Amino acid sequence: MAGEPQADCLFCKIVAGDIPATVVRETATTLAFRDVNPQAPSHVLVIPKAHYPDAAALAAAEPAVAADVLREAGQVAADEKVEDDGYRIVFNTGAGAGQTVFHAHAHVLGGRGLQWPPG
Ligand code: AMP
């Protein structure tokens, strides 16, 4: 069923507590944890606890949870004190765009200059 945990999904395993993560925020619907391979001084992933393959699928099925993810991304930026200098929220979507984990997630990146356009 849509949104149900997937046995072969890394981020579902983190939600379940089967794989450890450095959790920085948690709500009823979302989890935020540090990326294991940070691309900026501050690099946190915000995920819905429910499994959807990407951000668009999440927004189509559960728009309120998609909004929760975005709100939490803003809270992470505030907690990380990167709000004033600016930060980036990235949803890589599809393998061609660099998506490697097919459970929706927002990258929250900050703490350094961020080029535009991104690579
Ligand atoms: P993406 O490439 O956009 O799908 O992003 C997946 C992200 O998950 C990458 O930035 C990885 O470094 C990160 N990642 C992979 N495994 C873990 C893990 N066990 N804990 C935290 N982050 C992870």
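Being a predicted model, the structure only gives us computed values, none of them experimental. (Residues numbered from 1 in each chain as written. Predicted model: local features only at pLDDT ≥ 70, side-chain atom pairs only at ≥ 80, totals over all residues. Heavy atoms only, no water.)

Q: Help me out: how do you make sense of the sheet that holds strand β2 (residues 30-34) in this one?
A: Remark on secondary structure: sheet strands pair via backbone hydrogen bonds, oriented parallel or antiparallel. Ordered in space as β1-β2-β3-β5-β4, the 5 strands form an open sheet in which the pairing is antiparallel. In this open sheet, the two edge strands, each paired with only one partner strand, are β1 (23-26) and β4 (87-90). If you compare each strand with its neighbour and ignore which way they point, the axes differ by 20° on average. Lying over the sheet, helix α3 (residues 63-79) contacts β1, β2, β3 (42-48), β4 and β5 (106-110), oriented at roughly 160° with respect to β3. (Pairing = 2+ DSSP bridges. Helix = DSSP H or I, 4+ residues; strand = E, 2+ residues; numbered from the N terminus. Axes fitted to C-alpha atoms, helices over the stretch in contact; angles between N-to-C directions. Contact = heavy atoms within 4.5 Å.)

Q: Can you help me understand the environment of valine 44 in this one?
A: Among the secondary structure elements, valine 44 is positioned in strand β3. In this structure, the C-alpha to C-alpha distance between valine 44 and glycine 3, residues 41 residues apart in sequence, is 22 Å.

Q: Would you take a moment to explain the pattern of salt bridges for this structure?
A: Pairing is possible between side chains that carry opposite charge, provided their charged atoms lie close to one another. According to the stated counting rule, one finds 5 salt bridges in the structure shown. Of the charged contacts in the structure, one is a salt bridge between lysine 49 and glutamate 26, with a shortest N-O distance of 2.7 Å. Taken together, the positions of lysine 49 in the loop between β3 and α2 (55-61) and glutamate 26 in strand β1 put the pair 23 residues apart, joining distant regions of the chain. Its relative accessible area of 53% is what places glutamate 26 among the exposed residues. Taken together, the salt bridges that share partners define one network made up of Arg25, Glu72 and Asp79. (Salt bridge = Lys/Arg side-chain N within 4 Å of Asp/Glu carboxyl O. Buried < 20%, exposed > 50% of the residue type's maximum accessible area, 1.4 Å probe, protein only.)

Q: Can you help me understand the pairing of β1 in this one?
A: Two faces make up the sheet, and in a regular strand the side chains alternate between them. Looking at chain direction, β1 and β2 are connected through 3 bridges and run antiparallel. What sits directly across from arginine 25, in β2, is alanine 32. Here β1 folds back onto β2, and the loop between the two strands holds 3 residues.

Q: Can you help me understand the site of the ligand in this one?
A: Looking at the ligand, there are 16 residues lining it, with Asp35, Asn92, Gly98, Thr100 and His107 nearest. Aspartate 35 has a polar side-chain atom sitting 2.5 Å from an oxygen atom of the ligand. Taking valine 36, its main chain carries an N or O atom lying 3.3 Å from a nitrogen atom of the ligand. Protein contact buries 83% of the 500 Å² of open area that the ligand shows by itself. (Near = heavy atom within 4 Å. Polar contact = N/O pair within 3.5 Å; in protein donor to acceptor, adjacent residues only side chain to side chain. Areas by Shrake-Rupley, 256 points an atom, 1.4 Å probe, with all protein chains shown as cover.)

Q: What am I meant to see in the environment of valine 46 here?
A: Within the fold, valine 46 resides in strand β3. Looking at valine 46, the relative accessible area reads 0%, which means it is buried. On a C-alpha basis, the gap between valine 46 and valine 69 in space is 6.2 Å, while along the polypeptide they are 23 residues apart. Once residues within four sequence positions are removed from consideration, valine 46 is found in contact with Leu31, Ala32, Val69, Glu72, Ala73, Val76, Ala104, His105, Ala106 and Val108.

Q: Any chance you could explain the packing of aromatic side chains here in plain terms?
A: Describing an aromatic ring pair means giving the distance of the ring centres and the angle of the ring planes. Taken as a whole and assessed by the stated rule, the structure comprises 1 aromatic pair. Plain terms: the ring middles of phenylalanine 11 and phenylalanine 33 are 5.4 Å apart, the flat faces sit at 80° to each other, and that makes the pair edge-to-face. Within this pair, whereas phenylalanine 11 is found in helix α1 (residues 10-16), its partner phenylalanine 33 is found in strand β2, the two being separated by 22 residues in sequence. (Phe/Tyr/Trp six-rings, centres within 6.5 Å; stacked < 30°, edge-to-face > 60°.)

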